[in-house]
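Topology and contacts: notes
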Amino acid sequence: TDPNTPVLETRNICKSFNALKASQDITLNLRAGEIHALIGPNGAGKSTLIAQIAGGLKPDSGSVHMDGRDVTALPTAKRARLGLGRTFQVSALAMEDTVLQNAVLGALGAQGRPFRLFQSALNNASLRDSAEQALERVGLQDHARTRTAELSHGQRRQLEVAVALTLNPKAFVMDEPMAGLGASGSKSLTGFLDSLREQAPILMVEHDMDAVFALADRISVLVYGQIIATGTVAEIRAHPEVRRAYLGE
Ligand code: ADP
Ligand code: MG
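Residues numbered from 1 in each chain as written. Chains lettered and ligands numbered in written order. Predicted model: local features only at pLDDT ≥ 70, side-chain atom pairs only at ≥ 80, totals over all residues.

In the annotation of an unreviewed UniProt entry, the entry for the chain reads ABC transporter ATP-binding protein, and the organism field reads Neptunicoccus cionae.

Right, here's the structure in full:
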């Protein structure tokens, strides 16, 4: 592929819920090696946009591209297998299962195999290997047998990333990864995401502005379904409309 082709891209995406225009002509991209943060007030349409990129929601018009390929018609699972990793605003982990079981479940889903094969998957060496590698990557290897409900918030976030990593993703979309973390949790997750961008760039919805300013190569600001600015941290901090509309100045 042409190295200038964005890893992930939306072109002129529009999406309405009845009279509400949740996405209005949204064009943005994610480049190799970067963290691109998507910020904006509650109800701006951030999660709606992420859902259209991940495939859970179909745009009314416009398109989604991975490595230049139009994936607009492809379901979520297909996009995942093409290398789109994601974490959710609300956790999708099985709380009663162990950390390793959750990671194996992720590895199984990554291979596009039905979840009813879960029990045999736990005894499948290659799935276990890929699950264990992912746990090691996020530093949870010593918690493999811990019940997921017993993890701290920060550790659950790390496990969600591990589940996504079992796909060997080419790009990540994350909806509020810092949500619910205390200061030390968000600091350690910030360090981890910083190291992750080399493996796969991240499009990240985030309210925690300390994390955004620390991590983002570029920031896009979404207000009432529209991108009002895209730029570097310095450009966004200096943008008068952004200061008014979002930073409350
Ligand atoms: P954000 O993530 O930026 O807080 P959302 O994308 O969740 O915002 O929501 C954007 C707007 O679209 C909100 O006004 C929300 O109520 C509305 N909305 C989101 N999903 C639906 C849906 N499935 N049906 C109707 N309205 C929705
Ligand atoms: Mg949201």
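1. So, the site of ligand 1
Threshold: Placing the C-beta atom from the backbone, one calls a residue near a molecule or strand if that atom lies within 6 Å of it. Think of it this way: any DSSP run of H or I at least four residues long counts as a helix, any run of E at least two long counts as a strand, and we number them from the N terminus. Residue classes follow a fixed rule: Ala, Val, Leu, Ile, Met, Phe, Trp, Tyr, Cys and Pro count as nonpolar, while Asp, Glu, Lys and Arg count as charged, and any other residue, Gly among them, counts as polar.
Close contacts around ligand 1 come from Phe17, Leu20, Ala22, Gly40, Asn42, Gly43, Ala44, Gly45, Lys46, Ser47 and Thr48, and that covers them all. If you list the elements that add at least two residues to the shell around ligand 1, you get β2 (20-30) and α1 (46-54). Among the elements that take part in the shell around ligand 1, α1 stands out by supplying three residues, more than any other. Residues belonging to the shell around ligand 1 are distributed by class as follows: four nonpolar, six polar and one charged.

2. Looking at the nonpolar core
To keep things clear, this is the line we draw: When buried Ala, Val, Leu, Ile, Met, Phe, Trp, Tyr and Cys residues are joined through C-beta atoms within 7 Å, the set is termed a nonpolar core. Residues are called buried when their C-beta atom has 20 or more other C-beta atoms within 10 Å, exposed when it has 12 or fewer, and partly exposed otherwise; all C-beta atoms are positioned from the backbone. Each domain's extent is set by a domain assignment, obtained either automatically or from a database. Working definition of a contact: two residues with C-beta atoms, positioned from the backbone, lying within 7 Å.
If you look at the biggest cluster of nonpolar residues, it comprises 64 residues, and the most contacted ones within it are Ala37, Ala103, Leu135, Ala162 and Ile202. Ranked by residues supplied to this core, first place goes to helix α3 (residues 99-110) with seven residues. Mapped onto the domain boundaries, this core takes at least three residues apiece from domain 1 (1-83 + 169-249) and domain 2 (95-167). In contact with Ala162, not counting residues within four places along its chain, are Ala103, Ala134, Leu135, Arg137, Val138 and Leu140.

3. So, the domain arrangement of the chain
In terms of domain boundaries, the chain breaks down into domain 1 (1-83 + 169-249) and domain 2 (95-167). If you average the C-alpha positions of domain 1 and of domain 2, the two centres end up 25 Å apart. In this complex, domain 1 contributes 13 residues to the contact, which on the side of domain 2 involves 11 residues. For the side of domain 1 that touches domain 2, the element with the most residues is helix α7 (residues 183-196), which contributes four residues. Across the side of domain 1 that touches domain 2, the residue classes tally to eight nonpolar, four polar and one charged.

4. Structural notes on the sheet that holds β2
Rule in force here: By the convention used here, strands pair only if DSSP detects at least 2 bridges between them.
In spatial order, the strands read β2-β1-β4-β5; together these four strands make up an open sheet with antiparallel pairing. Each edge of the open sheet is held by one strand with a lone partner, namely β2 and β5 (69-70). Bridge count between strand β1 (residues 8-17) and strand β4 (residues 61-66): five bridges; the pairing is antiparallel. The residue of β4 that forms the bridge with Thr10 is Val64.

5. Notes on the packing of helix α6 (residues 153-165) against α7
Worth spelling out the cut-off: Between N-to-C directions, angles cover 0 to 180 degrees, with each direction set by a line fitted to C-alpha atoms, over the stretch in contact for helices. What sets the label is the angle itself: under 35 degrees gives roughly parallel, over 145 gives roughly antiparallel, 65 to 115 gives roughly perpendicular, and the rest give oblique. A clockwise turn of the near helix away from the far one marks a right-handed crossing, whereas an anticlockwise turn of less than a right angle marks a left-handed crossing.
Contact geometry for α6 and α7: axes closest at 9 Å, N-to-C directions at 20°. It follows that α6 is roughly parallel to α7 by the angle criterion. In this structure, α6 crosses over α7, and the sense of that crossing is right-handed. In this structure, α6 uses His153, Gly154, Arg157 and Gln158 to contact α7, whose residues at the interface are Gly185, Ser188, Leu189 and Phe192. The residue makeup of the contact of α6 with α7, split by class, is two nonpolar, five polar and one charged.

6. Comments concerning the pairing of strand β8 (residues 202-205)
The two faces of a sheet get side chains in turn, since along a regular strand they alternate between them. Selection criterion: Handedness of a crossover: with both strands directed away from the viewer, a clockwise path from the first strand across the helix to the second marks it as right-handed.
Here β8 shows a buried face lined by Ile202 and Met204 and a second buried face lined by Leu203 and Val205. Pairing analysis gives four bridges linking strand β3 (residues 35-39) to β8, with the strands arranged parallel. Note on β8: the bridge partner recorded for His36 is Leu203. Viewed along the sheet, the connection from strand β7 (residues 171-175) through α7 into β8 turns out right-handed.

7. What to know about the confidence of the model for the chain
Quick reminder of the rule: On a scale of 0 to 100, pLDDT captures the predictor's confidence in every residue.
Summary statistics for the chain give a mean pLDDT of 89 and a share of 91% for residues scoring 70 or more. Both confidence scores are given for the complex: pTM 0.90, ipTM 0.98.

8. What about the pairing of strand β9 (residues 218-223)?
Here β9 lies mainly inside the structure; five of its six residues are buried. Here four bridges tie β3 to β9, and the two strands are oriented parallel to one another. Within β9, the position partnered with Ile39 by the bridge is Val221. Taken together, β9 and the strand that follows it, strand β10 (residues 226-231), pair antiparallel across an intervening segment of two residues, in which Tyr224 is found at a positive phi of about 45°.

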